[in-house]
Amino acid sequence: MARKRNKREKKENPKKNKALIGDKRFRIIIGIAITVFSLFLLLGMVSYLFTWKSDQSFLKDHVFSSPEIRVENWSGKSGAYLADLLINRGFGLSSFFIPFVLAIIGLRFLNIQVRRLFRLIIICSIITIYISVLLGYIFDISNGFLGSGPGGRHGLYAGRWLNAFMGKLGTGFFLGIFLFGLIIFTNDHSLEQIKKVFRKIFGIIPMKNLFGTDDEHITGSIDKEKHICDQDDDLVFETEFPQPEAEQRRSNGDTDNDSPSREEAGDRFEVEHYTEENQEDEEILNLELEDYDPTLELSDYKLPSLDLLEKYDESISSVTNDELISNKNKIVETLSHYKIQIDKIKATIGPTVTLYEIVPAPGVRIARIKNLEDDIALGLSALGIRIIAPIPGKGTIGIEVPNQKPEIVSMRSILGSRKFQTSDYELAIAIGKTISNETYVFDLAKMPHLLIAGATGQGKSVGLNAIIASLLYKKHPAQLKFVLIDPKKVELTLYSKLEKHFLARIPGTEEPIITDTQKVIYTLNSLTIEMDQRYALLKMAQVRNIREYNQKFIKRRLNPEKGHRYLPYIVLIIDEFADLIMTAGREVEVPLARLAQIARAVGIHLVIATQRPTTNIITGSIKANFPARIAFRVTSMIDSRTIIDIPGANQLVGRGDMLMAPGSDITRLQCAFIDIPEIERITDFISSQPGFVTPFYLPEYISEDETNMLEVDLSRKDPLFDDAARLVVIHQSGSTSLLQRKFSIGYNRAGKIMDQLEAAGIVGPPDGSKPRQVFYTDMASLEHYLLSLNS
């Protein structure tokens, strides 16, 4: 029994040791210990530069136990000893790389990501040795600075040996060549820079000098590689130069549905392993590739022109000088009735209202003027007067008075403005003009969501059309997708023509504009799945937001074979939110709140409009996640407070007059007007151009009730079932997009085939954005299984 127990303990000990090494607490302790020791060592080495002479008595005898011998080193006797060991008897000043490397290793134990740790250690070791030898070669002195010189004892002896072996000149030439090779080894881009220098000087690339081969041989090799790539693009795609499917379809120019042979699969398998073992070579080769262009599949796409929009005459102001003088006198007269004196008054004419800025006499309380809002409106015989007391940043009081003949702010003037044309916002939106007639442009990506509210007929639908038109005039279909929800079924139907360009939807839906309440619930839950998948991709890529991710993907630093793809922005627009809340309630509010909370980093932004700005519609969770809000005219002060937290929206004049609250500041704007015929011309222009083969499909959402009802009947297999099984085994990757690309089929059919493969036990269940696991590794066992399955 004792022997069995001893054998069992011996077997269990390695497992315990592995568990101890993998334990998070153990790694944190080790990481902290190594990091602290590196700082202690660095302190001792820095102190050694100043105290090495005064500590010579200790450094010669190394008497640690005697309290009479004291050292001046900041790290004590142990620090002085270690510093003398590394600097004097070791590598000299280059020894400072050693605590740096120790600190990097300690941080790695603390789960702080350090790229290419092993390569970094090797490079630091080589640099430490090289600098030591270089300093020993230059300063050939002993018993000098730091004892053995700045290169340490190692550099001193190595430099003397090299001088004796190759002479002073030969050693210098050798160290120079070694430095040149070290620069090329440590910097991936240095070789390209050297090529560029030689191109500028000689007009050629000295291949023979750099690689030991002549130019003709290398040119022939490149041409041969290019010829092979032209013959078999799939082989290159699967190995060293992964391309997104859009670019691959354009480069192939065909839709060959034949499955690859076993020989091709074997070659592909070998090359893939070869690639994993030569990642450094792959990175150097990737430098030759151009940046990925997400617009390549629709490279001939043209943005809409301003000629599609109506042009209105805005050159002459509708406010006359007589109207300005009359309003000014009435304001002064009304205030004087209440013994309020004014020192100065100034007028700024806007498209809908005119702002009168007044400077009251000293001692006048602002609250007195604010309370006279209704009296001033009565004196001017006007509606929609709003008093801003005081105007932020100006030190004046503003009185906004509606113009007798308001101007029309055309969408053409807004989109053609220099401010919009030159903006570099990710999602630039030009919504209207301010009181000072300046175009108001904001970035939806920074908002990050927008809540729009107002009474019926006050301009909400026109505002939504202005937002959509701004994005259509700025973005390529590959960069932006809309999810349009229209419970009223009449407001957003004009955009259904953009199905193959800008619209996204869930699989299985026929209408591009979502109007059914049940499909709205499915779409919102599908967007949450898309959000989770995108966060998984960001985690794999080690980036924080969609902008950094797409930049990394464009630079070809992310492999599409590992699930990476270019991520377009997704803008969800809901025209009548109140109707959804009344019919679906929490089924809509829960996924919507989740999207509003965390979807901004992955490029999903929400624009919600409602004509009932009540507290049971715009709940606390909705308001908390929609910091940017637009208020058109409402009927009561309570509704105004519900939208923008202050009164004022109830005093607007309507017809596009709005308050924009991107945060704490509120700006009064006149919304740009875009009519139905203009929208039709824009959609017709875009839909007349070639679009994508299939719409942009969101992930399929299956409710809990439907999950239990799904059954796959293998007796009614798809005709492509066997070919699809062979394809996923060859690629060792099961994904619906792979079947779509190889067989040129739609998403629904590819999804059904993948479900059948899962039911047959050939692939595993879906795993987020990752490809499904393939359970068969060779074609022979698969063919045997397919034969038994078909018999």
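Conventions used here
- Residues numbered from 1 in each chain as written.
- Predicted model: local features only at pLDDT ≥ 70, side-chain atom pairs only at ≥ 80, totals over all residues.
- Heavy atoms only, no water.
- Pairing = 2+ DSSP bridges.
- Helix = DSSP H or I, 4+ residues; strand = E, 2+ residues; numbered from the N terminus.
- Axes fitted to C-alpha atoms, helices over the stretch in contact; angles between N-to-C directions.
- Contact = heavy atoms within 4.5 Å.
- Parallel < 35°, antiparallel > 145°, perpendicular 65-115°, else oblique.
- Nonpolar A, V, L, I, M, F, W, Y, C, P; charged D, E, K, R; others polar.
- pLDDT = per-residue confidence, 0-100.
- Expected span 1.5 Å × (residues − 1).
- Buried < 20%, exposed > 50% of the residue type's maximum accessible area, 1.4 Å probe, protein only.
- Arc of directions from axis to C-beta.
- Phe/Tyr/Trp six-rings, centres within 6.5 Å; stacked < 30°, edge-to-face > 60°.
- Lys NZ or Arg CZ within 6 Å of the ring centre and 35° of its normal.
- Salt bridge = Lys/Arg side-chain N within 4 Å of Asp/Glu carboxyl O.

## Things to note about the sheet that holds strand S11 (residues 604-610)
If you trace the nine strands from one edge of the open sheet to the other, you get S6-S5-S14-S13-S12-S7-S11-S10-S8, paired in mixed fashion. Edge strands, defined here as strands with exactly one partner in the open sheet, are strand S6 (439-443) and strand S8 (480-485). Put simply, the sheet's adjacent strands are angled 30 degrees from each other on average, direction ignored. In the sheet, strand S7 (residues 450-453) pairs with strand S12 (residues 628-631) via four bridges, with the strands oriented parallel. Pairing of leucine 450 across the sheet is with alanine 628, part of S12. Contacts between helix H23 (residues 577-584) and the sheet are confined to S8, strand S10 (569-574) and S11, with S11 contributing the most and set at about 90 degrees to the helix.

## Digging into the packing of helix H29 (residues 721-731) against helix H31 (residues 747-759)
Two numbers describe how H29 lies on H31: the axes approach to 10 Å, and their chain directions differ by 75 degrees. Comparing their axes, H31 and H29 come out roughly perpendicular. Within the contact between the two elements, H29 uses Phe721, Ala724, Ala725 and Val728 and H31 uses Ile753, Gln756 and Leu757. Considering only residue class, the contact of H29 with H31 consists of six nonpolar, one polar and no charged.

## Focus on the confidence of the model for the protein
In this model, the protein carries an average pLDDT of 78, and 78% of its residues clear a pLDDT of 70 or more. Taken element by element, the predicted model of the protein shows its lowest mean pLDDT in helix H11 (residues 233-238) (32) and its highest in S10 (95). Residue range residues 7-12 is modelled with pLDDT below 50. Its contacts to residues more than four positions away, or to other chains, number zero contacts. Scored below 50 in pLDDT, residues 203-288 makes 95 contacts in the model with residues more than four places away or belonging to other chains.

## With respect to helix H15 (residues 321-337)
Compared with an ideal rise of 1.5 Å per residue, which puts 17 residues at 24 Å, H15 spans 25 Å between its outermost C-alpha atoms and is within 8% of the ideal. All buried positions along H15 are accounted for by Glu323, Leu324, Asn327, Ile331, Thr334 and Leu335. Buried residues of H15, viewed axially, fall in a sector of 105 degrees; they line one side. What points out from H15, more than 90 degrees from its buried face, is the exposed set Asn321, Asp322 and His337. If you follow the buried residues of H15, they end up packed against strand S1 (342-349), strand S2 (353-360), helix H16 (366-370), helix H17 (373-380) and strand S4 (397-402). One or two residues past the end of H15 sits lysine 339, with phi positive at roughly 60 degrees.

## Observations regarding the packing of aromatic side chains
Within the structure shown, the criterion is met by ten aromatic pairs. Their ring planes at 55 degrees and their centres at 6.3 Å tell us that phenylalanine 482 and phenylalanine 502 sit as a pair that is tilted. Highlighted residues: phenylalanine 482 in strand S8 and phenylalanine 502 in the loop between S8 and strand S9 (504-505), separated in sequence by 20 residues. Residue classification places phenylalanine 482 among the buried positions, given a relative accessible area of 2%. An aromatic cluster is built from Tyr130, Phe174 and Phe178, whose rings are joined through pairwise contacts. One Lys or Arg, lysine 474, reaches over the ring of phenylalanine 420 and ends 5.3 Å from the middle of that ring. Above the face of the phenylalanine 721 ring, lysine 717 is positioned so that its terminal group lies 5.7 Å from the ring centre.

## What about the packing of helix H5 (residues 97-109) against helix H6 (residues 117-138)?
Pairs of packed helices are described in terms of their axes, by the angle between the two and the distance that separates them. One can describe the packing of H5 onto H6 by two numbers: an axis separation of 10 Å at closest approach and a directional angle of 170 degrees. Overall, the two elements H5 and H6 adopt an arrangement that is roughly antiparallel. The residues of H6 that touch H5, namely those facing Phe97, Phe100, Val101, Ile104, Ile105 and Arg108, are Leu117, Leu120, Ile121, Cys124, Ile127, Thr128 and Ile131. Of the residues in the contact of H5 with H6, the class split is eleven nonpolar, one polar and one charged.

## Re the pattern of salt bridges
For the structure on display, the rule yields 23 salt bridges. Two residues, aspartate 291 and lysine 555, come together in a salt bridge whose shortest N-O distance is 3.0 Å. Highlighted residues: aspartate 291 in the loop between helix H14 (279-286) and H15 and lysine 555 in the loop between helix H22 (546-554) and S10, separated in sequence by 264 residues. Arginine 772 serves as the salt-bridge partner of glutamate 758, at 2.8 Å between the closest nitrogen and oxygen. Within this pair, whereas glutamate 758 is found in helix H31, its partner arginine 772 is found in the loop between H31 and helix H32 (779-790), the two being separated by 14 residues in sequence. The exposure class of glutamate 758 is partly exposed, given its relative accessible area of 30%. On the basis of relative accessibility, which here comes to 12%, the residue arginine 772 falls in the buried class. One network of salt bridges, with partners in common, ties together Arg386, Glu400, Asp657 and Arg668.

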